[in-house]
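Coordinate inspection notes
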Amino acid sequence: MTKPCCISSIAVITYILPVLILLSGCVHQQSVGEPYPRWGEEHSIPRSDDNPPLTLRVLPPSETALPVACILLVHGMNEYIGRYGDVARYFSKQFLVAGFDYYAHGLSNPVLHRADKALNSGDERQDVSQAYLAQTPLYDLEPMRRDLDYALKKTIQICDARSGPKKPVFLVSHSLGSLITASYLLQMQDEEAKSLIGRVQGVILLAPGFAVSEPPGWRGWLAGPLIKLSFHAETHFLNPQNDSLPLLLLNQMLSLVTVPVLDGLFEIFSWPGLRYVFTPTTPDWVVDYLTDSEKEKLRLQTDGWIIRRSLLRYIKGIENEIVQFRRHMDDFAVPFYLIYSVHDPITAAWGNEDFVSATLNNHPDNAYLALPELRYHQHLFLTKPCRNEILKRIEQWLDRRIAVLKHTEAEIH
């Protein structure tokens, strides 16, 4: 990344205000008219806080044979696991598949949860414009990691009951879900955690959120410098990066001025009243970079279960999580298969390239697939030729991992 020049806090404020006003939506109405799309069995998981129980969806193979392994699906930012029904059915040919909505998303979002109940009781339509306010407590991704922990433990329990003891468990994650998954696996260091993580024999990382977004076109010209400035400042904030002494001092000065100002602005713009003006809505251009399927684009544009706004506090928290993860990603030890589009502006390719460079040699089964001609972010929702090829490659990697595990087990015995 290029090194942004030092700018004053006044200049930051002068720059950020028109950007936020441009990207925000003062009036945003969103509603749902159909019940939440369900797939599989529903298992309720009690949570220790005041939030309602977490719902785990489980789809076993339709055939009588036992599943060869178990998969837990982890969705991306502002979407929900209900839209992964076709993906679950594909993998359920030989795997037991589970999935869940993590904190503030899908049926784990109180506004959407109430809307689903009302629609199932006979109401024709429910307003869900305020669903994004469930993001208010989110200064980091810890609530999502906690839900992932609940879901993974329950998946392992069901996997053992349905598949026989000690079948391998895999995580298939997308975008922000990949950052949540990877940071969760990286943080699990105590003995109890290591025992749990020992059951996870691999992770699929689809367009993982290991870098900040890079908006295309004129939007990138307008917002790009601010995004890069914020990320650069966070990366260097009180953390030397092997820079020369003059550059180190410049970066520290830049960070000491910029980080507190941006943190303060994003927090203020997330306060009641101001957040109705300064909370960005999902820009129209995003849909064109999610999928090449016109049918899926239309579905995305009309799907009321997808949250359309993101509090700036939440966005800043995600950026901080990316910075923290990148500082420690060299230690990532779980076997992975990473797939990304080289021209994806939503999670920029350089984040994936840095992760691969740092971790590819950590395990012999680590692999990645860079798609040089693609700009699309949601690989499991592309048109069929490309989608099917990606699903096939994922399945082949899973099969190879299972074969290696069986061979290793046979050698031990």
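What this report covers is the structure whose coordinates are included nearby.

The strands that make up a sheet are held in pairs by hydrogen bonds between backbone atoms, and each pair lies either parallel or antiparallel. On the basis of which strands lie adjacent, the open sheet formed by eight strands has the order E2-E3-E5-E4-E7-E8-E9-E10 and mixed pairing. Unpaired on one side and paired on the other, strand E2 (41–45) and strand E10 (367–371) mark the two borders of the sheet. The mean inter-strand angle of the sheet, taken between neighbouring strand axes irrespective of direction, is 20 degrees. The sheet contacts of helix H4 (residues 142–163) involve E2, strand E3 (54–59), strand E4 (69–74), strand E5 (95–100), strand E7 (169–174) and strand E8 (200–206), and relative to E3 the element is tilted by about 35 degrees. Together, E4, E7 and E8 form the strand contacts of helix H5 (residues 176–187), whose direction differs from that of E7 by roughly 140 degrees.

All told, the structure shown has 19 salt bridges when counted by the stated rule. The salt bridge partner of Arg-145 is Glu-142, with a shortest N-O separation of 3.1 Å. Of this pair, Arg-145 and Glu-142 both sit in helix H4, three residues apart, which is roughly one turn of that helix. Residue class for Arg-145 comes out buried when judged on its relative accessible area of 5%. When its relative accessible area of 33% is taken as the criterion, Glu-142 is described as partly exposed. When the shortest N-O distance is used, the salt bridge between Asp-288 and Lys-297 registers 3.6 Å. In this structure Asp-288 comes out as partly exposed when scored by relative accessible area, which is 34%. You can call Lys-297 buried: its relative accessible area is 10%. Among the charged side chains, a salt-bridge network with shared partners connects Arg-38, Glu-42, Arg-57 and Asp-116.

Moving on, we come to the layout of surface pockets. Here the second largest pocket defines a volume of roughly 680 Å³. For the lining of the second largest pocket, the elements supplying multiple residues, two or more each, are strand E1 (31–32), helix H2 (85–91), helix H11 (294–302) and helix H14 (384–412). Residue composition of the lining of the second largest pocket, grouped by class: 10 nonpolar, eight polar and 12 charged.

A word on the packing of aromatic side chains. Under the definition given, this model contains 14 aromatic pairs. Here the aromatic rings of Tyr-36 and Tyr-80 are separated by 5.4 Å at their centres, their planes lie at 55 degrees, and the arrangement is tilted. Taken together, the residues span a long stretch of sequence, with Tyr-36 in the loop between E1 and E2 and Tyr-80 in the loop between E4 and H2 at a distance of 44 residues. Look at Phe-100 and Tyr-102: their rings are 6.4 Å apart centre to centre, the planes differ by 65 degrees, and that puts the pair in the edge-to-face class. The exposure class assigned to Phe-100 is buried, which follows from its relative accessible area of 1%. The class for Tyr-102 is buried, based on a relative accessible area of 1%. Members of the aromatic cluster, joined through ring pairs, are Phe-210, Phe-325, Phe-332, Phe-336 and Phe-355. It is Arg-83 that lies over the ring of Phe-381; its NZ or CZ is 4.0 Å from the centre. The ring of Tyr-289 has Arg-375 sitting right over it, with the charged end atom 4.8 Å from the ring centre.

Let us look at the environment of Arg-313. Structurally, the position occupied by Arg-313 is in helix H12 (residues 312–328). With relative accessibility at 9%, the residue Arg-313 sits in the buried group. As a C-alpha pair, Arg-313 and Thr-136 span 177 residues in sequence and 7.6 Å in three-dimensional space. A distance of 3.4 Å separates a polar atom in the side chain of Arg-313 from a polar atom in the side chain of Tyr-139.

What follows is about the state of the cysteines. Where two cysteines share a covalent bond between their sulfur atoms, that bond is called a disulfide. Taken as a whole and judged by the stated rule, the model has one disulfide. Between the sulfur atoms of Cys-70 and its disulfide partner Cys-159 the distance amounts to 2.1 Å. One quick way to see it: the torsion about the S-S bond of Cys-70 and Cys-159 is about 90 degrees, and its sign makes the bridge right-handed. Linking Cys-70 in strand E4 with Cys-159 in helix H4, this pair joins segments that are 89 residues apart in sequence. A single burial state applies to Cys-70 and to Cys-159, both of which are buried.

Conventions used here
Residues numbered from 1 in each chain as written. Predicted model: local features only at pLDDT ≥ 70, side-chain atom pairs only at ≥ 80, totals over all residues. Heavy atoms only, no water. Pairing = 2+ DSSP bridges. Helix = DSSP H or I, 4+ residues; strand = E, 2+ residues; numbered from the N terminus. Axes fitted to C-alpha atoms, helices over the stretch in contact; angles between N-to-C directions. Contact = heavy atoms within 4.5 Å. Salt bridge = Lys/Arg side-chain N within 4 Å of Asp/Glu carboxyl O. Buried < 20%, exposed > 50% of the residue type's maximum accessible area, 1.4 Å probe, protein only. 1 Å grid on protein atoms, 1.4 Å probe; cavity = no way out; pocket = protein on both sides within 12 Å on 5 of 7 lines; lining within 4 Å. Points joined across faces, edges and corners; volume = space filled by probe spheres on them. Nonpolar A, V, L, I, M, F, W, Y, C, P; charged D, E, K, R; others polar. Phe/Tyr/Trp six-rings, centres within 6.5 Å; stacked < 30°, edge-to-face > 60°. Lys NZ or Arg CZ within 6 Å of the ring centre and 35° of its normal. Polar contact = N/O pair within 3.5 Å; in protein donor to acceptor, adjacent residues only side chain to side chain. Disulfide = S-S within 2.5 Å.

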